[in-house]
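# Architecture at a glance
What follows is each chain in one-letter form.
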Amino acid sequence: LIVLGLAHIRHSRVGQGAALGGVRGVSFGERRRLSIGVELVVMPEVLFVDDATCGLDSRTAREVVWTLSRVAAAGLTVAAILHQPSWRILERVDDVLCLARGGRTAFCGPADEALAYFDGLGFACPPGESPAAYLISLLGGTPSLTADEAARAAGPAAEAAAAASAATAAPP
């Protein structure tokens, strides 16, 4: 409960409204963290979390990601899908897989190296812009990118992933 940040609600009921006789239950963010805790009960080798922050406000999304970070720090591998994370959230992530249009791998590696990687390809994040928002815009195929620029943004990593995929798919 401490790792999940739920010790303060350990005696609270889960639910809301009529289901609890009009008594307020735990918050949506607390329910999200509780659902992570339910998965942890079986002691998985890897915790897969889909849309961990979907529908949450920025503060609550940070709390959920901080929880996942604490779970990972305790020694469990955590694989989470985070759609449109803020830069503050992305800073809590060790490694990222950035996908370009069509599901092509554009970057896979340490989160703190992603911006430098794209900068090296000629796509520097403009000053004052959120790095996470910039990457999302870049990889989502911003209208300002030409087809050649978009291919170059997804280039080396996409080419390497395609070659690896073709090598594993080839019959012996």
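What comes next is a walk through the structure. (Residues numbered from 1 in each chain as written. Predicted model: local features only at pLDDT ≥ 70, side-chain atom pairs only at ≥ 80, totals over all residues. Heavy atoms only, no water.)

## A few points about the environment of Val71
Relative to the assigned elements, Val71 resides in helix H2 (residues 58-73). For Val71, a relative accessible area of 5% corresponds to the buried category. Sequence separation between Val71 and Val3 is 68 residues, and the spatial gap between their C-alpha atoms is 6.8 Å. Contact partners of Val71, with chain neighbours within four places excluded, come to Val3, Leu4, Leu40, Leu47, Leu76 and Val78. (Helix = DSSP H or I, 4+ residues; strand = E, 2+ residues; numbered from the N terminus. Buried < 20%, exposed > 50% of the residue type's maximum accessible area, 1.4 Å probe, protein only. Contact = heavy atoms within 4.5 Å.)

## Quick notes on helix H5 (residues 131-139)
Listed as buried for H5 are Pro131, Ala132, Tyr134, Leu135, Leu138 and Leu139. Down the axis, H5 shows its buried residues gathered within 160° of arc, on one side only. (Arc of directions from axis to C-beta.)

## Some details on the packing of aromatic side chains
One pass over the full model with this rule turns up 3 aromatic pairs. Relative to Tyr117, the ring of Phe107 lies with its centre 5.2 Å away and its plane at 50°, an arrangement referred to as tilted. Of the two residues, Phe107 is situated in strand E4 (residues 105-110) and Tyr117 in helix H4 (residues 114-120); the sequence distance between them amounts to 10 residues. On the basis of relative accessibility, which here comes to 6%, the residue Phe107 falls in the buried class. Summarising the aromatic geometry, the rings of Tyr117 and Phe118 are spaced 5.1 Å apart at their centres and angled 80° between planes, so their arrangement reads as edge-to-face. For Phe118, a relative accessible area of 0% translates into the label buried. (Phe/Tyr/Trp six-rings, centres within 6.5 Å; stacked < 30°, edge-to-face > 60°.)

## Overview of unusual backbone geometry
At Met43, a residue that is not glycine, the phi angle is positive and equals roughly 50°. With respect to the secondary-structure elements, Met43 resides in the loop between helix H1 (28-40) and strand E1 (46-49). For Asp51, which is not glycine, the phi dihedral falls at a positive 55°. Positionally, Asp51 belongs in the loop between E1 and H2. Taking the relative accessible area as the measure of exposure, Asp51 reaches 26% and is therefore partly exposed.

## Comments concerning the pairing of strand E2 (residues 77-80)
In this sheet, E2 lies alongside E1 in parallel orientation, the contact comprising 4 bridges. When the bridges of E2 are listed, Leu47 appears paired with Val78. Note on the crossover from E1 through H2 to E2: the handedness is right-handed. (Pairing = 2+ DSSP bridges. Right-handed = clockwise from strand over helix to strand, strands pointing away.)

## Some words on H2
Between its first and last C-alpha atoms H2 spans 22 Å; for 16 residues at 1.5 Å apiece the expected length is 22 Å, and the two agree. Buried within H2 we find Thr60, Ala61, Val64, Val65, Thr67, Leu68, Ser69 and Val71. Where H2 is buried, its residues contact H1, E1, E2 and helix H3 (87-90). For H2, the N-terminal capping position is held by Asp57, with its side-chain oxygen 3.0 Å away from the main-chain nitrogen of Arg59. The first or second residue beyond H2 is Gly75, which carries a positive phi of 110°. (Expected span 1.5 Å × (residues − 1). Polar contact = N/O pair within 3.5 Å; in protein donor to acceptor, adjacent residues only side chain to side chain.)

## What about the packing of H1 against H2?
Contact geometry for H1 and H2: axes closest at 9 Å, N-to-C directions at 20°. When the axis of H1 is compared with that of H2, the two are roughly parallel. Handedness of the H1/H2 crossing: right-handed. Of the residues in H2, those touching H1 at Gly29, Arg32, Arg33, Ile36 and Leu40 are Thr60, Glu63, Val64, Thr67, Leu68 and Val71. Taken together, the residues of the contact of H1 with H2 break down into 5 nonpolar, 3 polar and 3 charged. (Axes fitted to C-alpha atoms, helices over the stretch in contact; angles between N-to-C directions. Parallel < 35°, antiparallel > 145°, perpendicular 65-115°, else oblique. Left-handed = near helix turned anticlockwise from the far one by under 90°. Nonpolar A, V, L, I, M, F, W, Y, C, P; charged D, E, K, R; others polar.)

## Description of the state of the cysteines
Counted according to the given criterion, the structure contains 0 disulfides. Just so you know, Cys98 is unpaired, no disulfide at all, and the nearest cysteine sulfur is the one on Cys108, 8.6 Å from it. (Disulfide = S-S within 2.5 Å.)

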